[in-house]
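Now for the letters of each chain:
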Amino acid sequence: ASSSVPRDLEGVPLYNLEDLPKVDGPTVLVLGSEGHGLRSMVSKSCTEFVRIPGGDGEESGVDSLNVSVTGGILLWHLLR
């Protein structure tokens, strides 16, 4: 999960984790690498992005979250 929408994807919805809508159909989670995020062509195929607080280095001092931790956080929020 990227901390911000890539520059060339302005206008694509970016949700805060707490505002993530309930999933009511098939969903694909695309997780980027821990240091570099998503490749440009992959991110252009995404229809929405999610920001996970604490993984952006601003308040927590953590540059990125482990991709397996990110996946677990997203799945928990989507399926609750």
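These figures come from a predicted structure and were not determined experimentally.

1. Description of the overall build of the protein chain
Looking only at helices and strands, one finds two helices and two strands in the protein chain. Seen in sequence order, the protein chain has helices and strands lined up from the N terminus as β-α-β-α. Relative to its 80 residues, the protein chain shows a buried fraction of 20%. Element-wise, carbon and sulfur atoms account for 52% of the exposed surface of the protein chain, whose accessible area totals about 5,800 Å².

2. Considerations on a nonpolar patch on the surface
The grouping of Leu29, Leu31, Val67, Leu75 and Leu79 at the surface amounts to a nonpolar patch, some 410 Å² of accessible area in total. Looking at Leu31, the relative accessible area reads 32%, which means it is partly exposed.

3. Observations regarding the environment of Gly54
Here Gly54 lies in the loop between β2 (49-51) and α2 (67-79). Sequence separation between Gly54 and Leu65 is 11 residues; the distance between their C-alpha atoms is 8.2 Å.

4. Looking at the environment of Leu17
Examined against the element boundaries, Leu17 turns out to sit in the loop between β1 (14-16) and α1 (40-44). Distance in space between the C-alpha atoms of Leu17 and Arg51 is 5.8 Å, their sequence separation being 34 residues.

5. Describing α2
Over its 13 residues, α2 runs 18 Å from end to end, which matches the ideal 18 Å to within 8%, given 1.5 Å per residue. For α2, the full list of buried residues reads Thr70, Gly71, Leu74, His77 and Leu78. Down the axis of α2, the buried side of the element spans an arc of 135 degrees, and every buried residue falls inside it. In α2, the exposed positions that point more than 90 degrees away from the buried face belong to Ser68, Trp76 and Leu79. Residues of α2 that are buried make contact with β2.

6. Notes on the side chain of His77
Structurally, His77 can be placed in helix α2. Among the residues examined, His77 registers a relative accessible area of 11% and is labelled buried. Among residues more than four places away in sequence, those in contact with His77 are Leu17, Glu18 and Leu20.

7. Some points on the nonpolar core
Within the largest apolar cluster, six residues are counted, these being Leu17, Leu20, Val50, Ile52, Leu74 and Leu78. Those residues in contact with Leu78 that sit more than four places away from it in its chain are Leu20, Pro21, Val23 and Leu29.

Thresholds, definitions, all that
Residues numbered from 1 in each chain as written. Predicted model: local features only at pLDDT ≥ 70, side-chain atom pairs only at ≥ 80, totals over all residues. Heavy atoms only, no water. Helix = DSSP H or I, 4+ residues; strand = E, 2+ residues; numbered from the N terminus. Buried < 20%, exposed > 50% of the residue type's maximum accessible area, 1.4 Å probe, protein only. Areas by Shrake-Rupley, 256 points an atom, 1.4 Å probe, with all protein chains shown as cover. Patch = residues over 30% accessible without salt bridge, like charges linked within 9 Å, V, L, I, M, F, W, Y side chains within 5 Å. Salt bridge = Lys/Arg side-chain N within 4 Å of Asp/Glu carboxyl O. Expected span 1.5 Å × (residues − 1). Arc of directions from axis to C-beta. Contact = heavy atoms within 4.5 Å. Core = buried A, V, L, I, M, F, W, Y, C linked by side-chain atoms within 4.5 Å.

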